Amino acid sequence: MKSHSNRRAPPLFVAAMLASFAARAASVEITVTDSHGARIADAVVWAMPKAAAPQRPRREASVEQRDQRFSPLVTVVQTGTKVRFPNRDPVRHQVYSFSAAKPFEIKLYAGTSAPPILFDRPGEVVLGCNIHDDMLGYIYVVDTPWFAKTAADGATRIADLPGGDYELKVWHYAQSMPGEARAIRLRADETLAAALNVSLKAQPSRAGTR
Amino acid sequence: MTGRQIRPTRLQDRLVGFFVVLLMTVQLVSFLFIRYAIDHTAQNTMREELRVGSRVLKRILDQNNQELALATSVLTYDFGFRESIATRDRATILSTLGNHAARVKASGMAVIGLDGVVVADTLQDGATGKPYPFPNLVERAGQLGRASGVRVIGAKPYQIVVVPVLAPLPIAWVSMSFVIDDATARDLQRVATSDVSFVQVSGGEARILATTLGTLRRAQLAAAAGEVIATARDGATTRLGGDDYEVLATPLEDTGQVPIYAIVQRSTADGLTAYFLLEVILLIIAGLSLAVTLAGAIRIAGRITRPVTQLGAAAQEIERGNYAVRVGGESSDEIGELGRVFDRMAAGLAERDNMRDVLGKVASNEVVARLLEGGDIELGGEERDVTVMFTDIRNFTAIVERLTPDQSLQLLNEFLTVVSELIDAHGGVVDKYLGDGVMALFGAPVTREDDAQRALNCALEIRRRVEALGPVLAQRDLPHPQIGIGINTSRVIAGNIGSPSRLNYTVLGDGVNLASRLEGLTKRYHVGIVVGHATREKVRGIVWRELDKVRVRGKTVPERIFEPLAREGELAPEQAAHLARWHEALEMFRHRRWELAAAGFRELAPVPGYERITFLYLGYVRDLEANAPGEGWDAAFTLYEK
């Protein structure tokens, strides 16, 4: 499963372009485990290049509200990405965040009427709904185009990396301390396997509130 | 009857006293039991009330806690509040806290950063930037979503609630404080219905944090609080300022380092008020039942004793001789039966008395008494010395010949009544009435020493009374009554004589006949009383005149007969001289000195009382001079017939 958030199928020319890159691009196969060695899903991994990353236009991402949940729970975007919050529920929502990376509030809305929010600073953004205290979601903003999110098996892949030096990082919403960072050097056509470790809090951070 | 005077307590009083004392004892015992039970119950009830009050109090505090926690949670979800916290602008946050604390009437509100440092505090401005003083509350809030406890800040206890500010993950902690002061205690007092105090104990020293008590009691409790807390975990009675209190001390939960106790207390006197009313009611009931019992006991005792009193009175009546008294016996009980028995007894007594009365009329009282008391009436007799007296009115026929039969009988009865009464008075017994005469016994059926003396005294008295009757009869133009009395003492046979169905108690014997003869001789000598020699020998103090010697036919020994003239010393000297002359002449006569004797008789012939006897003796002398008597002449006069 591709870690890119865009669900829509790419236009043909994009596909061709990607294919031309792929011929000389590296990729990293990553598994994320917790301190007990268990593989964990929804861990965000990203590769921060030592060199400047090429500027490419951002595609809009979206975090749906469905069945009074944020879906997906964890979304990774590159800085400068606009994120829409389409409401698939029959009731309105008022999505907000007090996180330092992006405090915002979308007044009560329904459907897709809400304007997209631009996430221009890296970091963790905790999403909540002001009228549904149970709703909890995360947007993690990274300052690199190369990022991925682990699947249920705790594995993911970052592809199309140009050769060079990177710092490989991990974040999990339940982490008890900043995740492991690892420096890697990629050759152009190499596929690297990396294992990253993150310590999780013993208990869910929102225990007991309901 | 004397028993009554000796013992003044009446039966009725004793019965009433017994019932009253019994009831009072029962009541006293019941009252003491009830009193004990009440005291016991009252104390238990009060303790239980205190326990309930204490539980209610804790429950209310707990509920308050939850409500406060809830309210605080709700407040912290307020978007504006969260927004304000997110600003990290201290002035804004402080202002928001003041505003929100006022919404739930909290005493104070503080925001603590996730790092445990106070961001803003409305209660203590100086706390900002310092670690929150109750980190365990924050820690617990982190684990459980909220935490609460009682903490002392300054000198005041506060109920503190700590909750996270969720956005939606915790971005800070909010602590909300609610002071526990006297007003809080008064609020609790209304539900716990007891005085409520919150006491802090630190270093063995108790301090009243909040209370419903007044200044004075507050000081008293403060002094005793240490002991109360130590002893009254499950309730105790303690003395505060001279009054008893039921107290109960309960430690409050989660008070941090310093234990805080809630002490509930009630005045024992207040708790007993309701029971005091009960006691008063019990006393009234006891008094009423005592009064009813008293009345009932008097009534019942009266019912029992009234017939007894009546019986006593009736018995007194019977003692006085009133046999007609009846008590009746209407009731079917023992007392009624007693009354009926008493009435039958009275009837029996009356019958017996009546019989005695009737018998007394037909026979002498003494004879009747002897007959009635002697039990069996037997035929047969006994020999005894008896003085027999016969009386007769010499000239009764002459007296009554001018009277109607009724008048005659009336006069006779007058005589007989007087004579009978005198006989009775002298202890004699009327044996029978013989026409106008009476036969009387002295010495039968009862023998006495002085039978003869009494008989003679009786005769003298009869003679005097009959002589006194003379003038009375003379006024009715009737002749002077002549009484004749013969008395003789002899050994006779006394007993019941007759047939078994009809008996006479009487005496038999020659002596009896002689007495009758002597009575007859009064006519011959014209004297009132003729006494036989045997009687004369037994009588003292009488001056006698010897009348004659008489020989009863069939007897060889002649009997000297005498007339009592007067009591000794009552005889005039002249009369004494005449008597002496008489006896001298009589002596001459008996020695056949006819001349000398006749001279004496003639000398005395005109003297009153001597006319007849001298006439008789002068006649004897003439006869004897004409026919000189033989050798055996003994100067006795032979009685051939009556």
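Residues numbered from 1 in each chain as written. Chains lettered and ligands numbered in written order. Predicted model: local features only at pLDDT ≥ 70, side-chain atom pairs only at ≥ 80, totals over all residues. Heavy atoms only, no water.

**Student:** Please give an account of the overall build of chain A that cites residues and values.
**Tutor:** Scanning chain A for helices and strands turns up 1 helix and 17 strands. Restricting the contact set of chain A to residue pairs at least 6 apart, pairs at least 24 apart contribute 64%. When the accessible surface of chain A is split by element, carbon and sulfur atoms take 53% of a total near 11,000 Å². (Helix = DSSP H or I, 4+ residues; strand = E, 2+ residues; numbered from the N terminus. Contact = heavy atoms within 4.5 Å. Areas by Shrake-Rupley, 256 points an atom, 1.4 Å probe, with all protein chains shown as cover.)

**Student:** Would you mind going over the nonpolar core in detail, with residue names and values included?
**Tutor:** All names here are of chain B. Residues Met389, Ile423, Leu456, Ile462, Ile485 and Ile487 are the most contacted members of the largest nonpolar core, which totals 36 residues. Listed by contribution, the elements that provide at least two residues to this core are β11 (380-393), α11 (396-400), α12 (405-425), β13 (437-442), α13 (451-475), β14 (483-499), β16 (529-532) and β17 (542-552). With 9 residues, the top contributor of residues to this core is α13. Those residues in contact with Met389, other than ones at most four positions away along the chain, are Ile423, Val438, Met439, Ala440, Phe442, Ala455, Cys458, Ala459, Ile462, Ile485, Gly486 and Ile487. Counting residues in each nonpolar core, the second largest holds 33 residues, with Val550, Ala598, Phe601 and Leu624 among its members. (Core = buried A, V, L, I, M, F, W, Y, C linked by side-chain atoms within 4.5 Å. Buried < 20%, exposed > 50% of the residue type's maximum accessible area, 1.4 Å probe, protein only.)

**Student:** So what about the interface of chain A and chain B? Which residues, and what values?
**Tutor:** Taken together, the contact between chain A and chain B spans 17 residues of the former and 14 residues of the latter. Buried area between chain A and chain B, summed over both chains or domains, comes out near 1,300 Å², and the portion from carbon and sulfur atoms is 64%. For the pair chain A and chain B, the number of links is 0 salt bridges. Elements with a contribution of two residues or more to the side of chain A that touches chain B: β11 (123-129) and β12 (132-142) of chain A. Sorting elements by how many residues they give to the side of chain A that touches chain B places β12 of chain A first, with 4 residues. Partitioned by chemical class, the residues of the side of chain A that touches chain B number 8 nonpolar, 5 polar and 4 charged. (Buried area = accessible area lost by both parts, 1.4 Å probe. Salt bridge = Lys/Arg side-chain N within 4 Å of Asp/Glu carboxyl O. Nonpolar A, V, L, I, M, F, W, Y, C, P; charged D, E, K, R; others polar.)

**Student:** Please set out a nonpolar patch on the surface residue by residue, giving values where relevant.
**Tutor:** Residues and elements named next belong to chain B. A grouping of Leu11, Ile300, Ile304 and Val308 is seen on the molecular surface, where their side chains present a nonpolar patch of about 290 Å² in accessible area. Broken down by element, the nonpolar patch gets its largest block of residues, 3 residues, from helix α8 (residues 268-320). Among the structural elements, Ile300 can be located in helix α8. (Patch = residues over 30% accessible without salt bridge, like charges linked within 9 Å, V, L, I, M, F, W, Y side chains within 5 Å.)

**Student:** Before we move on, can you summarise the pairing of β16 of chain B with the specific residues and values?
**Tutor:** Residue and element names in this part refer to chain B. Of the two faces of β16, the one holding Ile529 and Val531 and the one holding Val530 and Gly532 are both buried throughout. Bridge analysis of β14 against β16 gives 3 bridges, and the strand direction is parallel. Across the sheet, the residue bridging to Gly486 is Val530, located in β16. (Pairing = 2+ DSSP bridges.)

**Student:** Could you give an account of the sheet that holds strand β6 (residues 195-202) of chain B, with specific residues and numbers?
**Tutor:** Residue and element names in this part refer to chain B. Strand order in the open sheet formed by 5 strands is β7-β6-β10-β9-β8, and the pairing between neighbours is antiparallel. Of all strands in the sheet, those bounded by a partner on one side alone are β7 (205-211) and β8 (236-240). Neighbour to neighbour, the strand axes of the sheet diverge by 40° on average, direction disregarded. Where β8 meets strand β9 (residues 243-251), 5 bridges bridge the pair, whose relative direction is antiparallel. Note that in β9 the partner of Arg239 across the bridge is Asp244. (Axes fitted to C-alpha atoms, helices over the stretch in contact; angles between N-to-C directions.)

**Student:** Please provide a residue-by-residue account of the domain arrangement of chain B, values included.
**Tutor:** Residues and elements named next belong to chain B. Each domain of chain B was delimited in the assignment, giving domain 1 (377-540) and domain 2 (568-642). Relative to domain 2, the C-alpha centre of domain 1 lies at a distance of 28 Å. If you look at the interface, domain 1 gives 7 residues, while domain 2 gives 8 residues. Here domain 1 and domain 2 share an interface that buries about 850 Å² over both sides, 61% of which is from carbon and sulfur atoms. Counting the surface domain 1 buries against domain 2, the share from its top three residues, Arg517, Arg524 and Tyr525, is 69%. (Domains from an automatic or database assignment.)

**Student:** Let's hear about the packing of aromatic side chains: which residues, and what values?
**Tutor:** Under the definition given, this model contains 26 aromatic pairs over all chains. Ring plane angle 75° and centroid distance 5.2 Å describe the contact between Tyr96 of chain A and Phe79 of chain B, whose orientation is recorded as edge-to-face. Separated into two different chains, Tyr96 of chain A in strand β8 (residues 95-97) and Phe79 of chain B in helix α3 (residues 79-87) make up a pair that spans both. Take Tyr96 of chain A and Phe79 of chain B: they sit in the same class, and that class is buried. (Phe/Tyr/Trp six-rings, centres within 6.5 Å; stacked < 30°, edge-to-face > 60°.)

**Student:** Residue-level account of the environment of Ala222 of chain B, with values.
**Tutor:** Residue and element names in this part refer to chain B. Tracing the backbone through its elements, the reader meets Ala222 in helix α7 (residues 215-231). Placed 16 residues apart in sequence, Ala222 and Ala206 show a C-alpha to C-alpha distance of 6.3 Å. Excluding residues that lie within four positions of it along the chain, Ala222 makes contacts with Ala206 and Ile208.

**Student:** Please provide a residue-by-residue account of the sheet that holds strand β2 (residues 44-49) of chain A, values included.
**Tutor:** All names here are of chain A. If you walk across this open sheet you meet the 4 strands as β13-β2-β15-β16, and the pairing is antiparallel. The sheet terminates laterally at β13 (147-149) and β16 (181-186), the two strands that pair on one side only. With direction set aside, neighbouring strand axes in the sheet form an average angle of 25°. Pairing geometry for strand β15 (residues 164-171) and β16, over 6 bridges, is antiparallel. Following the sheet pairing, Gly164 is matched in β16 by Leu186.

**Student:** Would you mind going over α7 of chain B in detail, with residue names and values included?
**Tutor:** Residues and elements named next belong to chain B. Between its first and last C-alpha, α7 extends 24 Å over 17 residues, near the 24 Å set by a 1.5 Å rise per residue. Its maximal kink placed at Ala224, α7 deviates by approximately 60°. Three or more residues of α7 are buried, namely Gln220, Leu221, Ala224, Ala225, Val228 and Ile229. Packing partners of the buried residues in α7 comprise β6, β7, β8, β9 and β10 (260-267). (Expected span 1.5 Å × (residues − 1). Bend = angle between axes of the 7 residues up to and from the residue.)

**Student:** Tell me about the pattern of salt bridges, residues and numbers included.
**Tutor:** Side-chain pairs of opposite charge can arise where the charged atoms are in close proximity. Residues and elements named next belong to chain B. Scanning the model with the defined rule gives 44 salt bridges over all chains in all. Notably, a salt bridge pairs Asp431 with Lys432, separated by 2.7 Å at the nearest N-O pair. Asp431 gets classed as buried once you look at its relative accessible area, which sits at 12%. What makes Lys432 partly exposed here is its relative accessible area of 30%. Between Glu603 and Arg581 there is a salt bridge whose closest N-O contact spans 2.6 Å. Pair noted here: Glu603 is in helix α17 (residues 594-604) and Arg581 is in helix α16 (residues 573-590), with a separation of 22 residues, a long-range link. Given the relative accessible area of 46%, Glu603 is considered partly exposed.

**Student:** How would you sum up empty space enclosed by the protein? Please name residues and give values.
**Tutor:** All names here are of chain B. A full pass over the atoms with the stated rule returns 1 cavity of 30 Å³ or more. In this model, the largest cavity occupies a volume close to 80 Å³. Forming the boundary of the largest cavity are 13 residues, of which Asp121, Gln124, Tyr132, Ile153 and Ser175 lie nearest the centre. When residues of the lining of the largest cavity are assigned to their parent elements, the largest contribution, 3 residues, is made by strand β1 (residues 108-112). Looking at the lining of the largest cavity residue by residue, the classes come out as 8 nonpolar, 4 polar and 1 charged. (1 Å grid on protein atoms, 1.4 Å probe; cavity = no way out; pocket = protein on both sides within 12 Å on 5 of 7 lines; lining within 4 Å. Points joined across faces, edges and corners; volume = space filled by probe spheres on them.)

**Student:** Tell me about the confidence of the model for chain B, and please be specific about residues and values.
**Tutor:** All names here are of chain B. Averaged over all residues, the pLDDT of chain B equals 84, while 94% of them reach at least 70. Taking the mean pLDDT of every element in chain B, the minimum, 45, falls on helix α1 (residues 2-6) and the maximum, 93, on β16. Per-residue pLDDT stays below 50 along residues 1-6; that stretch engages in 3 contacts with residues further than four places along the chain or on separate chains. (pLDDT = per-residue confidence, 0-100.)

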